[in-house]
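Below are the chains, spelled out letter by letter.
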Amino acid sequence: EQARDLLRRGEWDAAELPLRDIEWETPRERIGLETGTLLIQVWLGRNELPRALTRCRFLSLAAADDQRLSDVLLLQVKVQLAGKDRDGAMATIARLKKDFPYSEAAARVHDIRLPEKP
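Residues numbered from 1 in each chain as written. Predicted model: local features only at pLDDT ≥ 70, side-chain atom pairs only at ≥ 80, totals over all residues. Heavy atoms only, no water.

Student: Go over the nonpolar core, please, and point to the residues and values.
Tutor: Within soluble globular proteins, side chains that are nonpolar tend to cluster in buried spots. I40, V79 and L96 are the most contacted members of the largest nonpolar core, which has 32 residues in total. Breaking this core down by element, the ones donating at least two residues are α1 (2-8), α2 (12-25), α3 (33-45), α4 (49-62), α5 (69-82), α6 (86-99) and α7 (104-108). Of the residues forming this core, the biggest block, 8 residues, is contributed by α5. Excluding its chain neighbours within four sequence positions, the residues that come into contact with V79 are I40, L44, L49, A52, L53 and C56. (Core = buried A, V, L, I, M, F, W, Y, C linked by side-chain atoms within 4.5 Å. Buried < 20%, exposed > 50% of the residue type's maximum accessible area, 1.4 Å probe, protein only. Helix = DSSP H or I, 4+ residues; strand = E, 2+ residues; numbered from the N terminus. Contact = heavy atoms within 4.5 Å.)

Set out below in structure tokens:
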């Protein structure tokens, strides 16, 4: 909860500290979706896009059969668009809509504005 509150305020470095503490105390949390998605948001906020994209892909593999994977895919779209990877974002959007058509993440992906094709 502390990390979520700090993320809402845009305090990226401060939000990362409690997440790292959780990972240190409980190594299994390194593949956990809750701490993983929060760390992705931290790195996205700090514009550390390769780290964020790597964690998105890692969580996609670790939680392949978890319904919350849709949230990871939505974050991956945001990371890809921040990195100007329109084609990658389109592929991720297609996967999100195909695999999780009735999820909240699939509904929210429609609110994301895609850049025009160059």
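Student: Any details on α4? Residues and values, ideally.
Tutor: Residues separated by three or four positions in an α-helix point in the same direction, a consequence of the helix having 3.6 residues per turn. Under the 1.5 Å per step criterion, the end-to-end length of α4 is 20 Å for 14 residues, consistent within 8% with the ideal 20 Å. For α4, the set of buried residues is L49, A52, L53, R55, C56, L59 and S60. In a view along the axis of α4, the buried residues occupy a sector of 160°, so they form one face of it. Exposed residues pointing more than 90 degrees away from the buried face of α4 are listed as P50, T54 and L61. Elements that come into contact with the buried residues of α4 comprise α2, α3, α5 and α6. (Expected span 1.5 Å × (residues − 1). Arc of directions from axis to C-beta.)

Student: Before we move on, can you summarise the confidence of the model for the protein chain with the specific residues and values?
Tutor: Chain-level pLDDT for the protein chain is 89 on average; 99% of the residues reach the 70-or-more range. Mean pLDDT per element in the protein chain: α2 is the minimum at 87, and α5 is the maximum at 95. (pLDDT = per-residue confidence, 0-100.)

Student: Would you mind going over the pattern of salt bridges in detail, with residue names and values included?
Tutor: According to the stated counting rule, one finds 15 salt bridges in the structure shown. Where R20 meets E23, a salt bridge forms, and the shortest distance between an N and an O atom there is 3.1 Å. Taken together, the residues R20 and E23, both in helix α2 and 3 residues apart, mark about one turn of the helix. Judged by its relative accessible area of 29%, R20 falls in the partly exposed class. Taking the relative accessible area as the measure of exposure, E23 reaches 4% and is therefore buried. Across the pair R108 and E104 runs a salt bridge, and its minimum N-O distance is 3.2 Å. Of this pair, R108 and E104 both sit in helix α7, separated by 4 residues, roughly a single helical turn. You can call R108 partly exposed: its relative accessible area is 36%. (Salt bridge = Lys/Arg side-chain N within 4 Å of Asp/Glu carboxyl O.)

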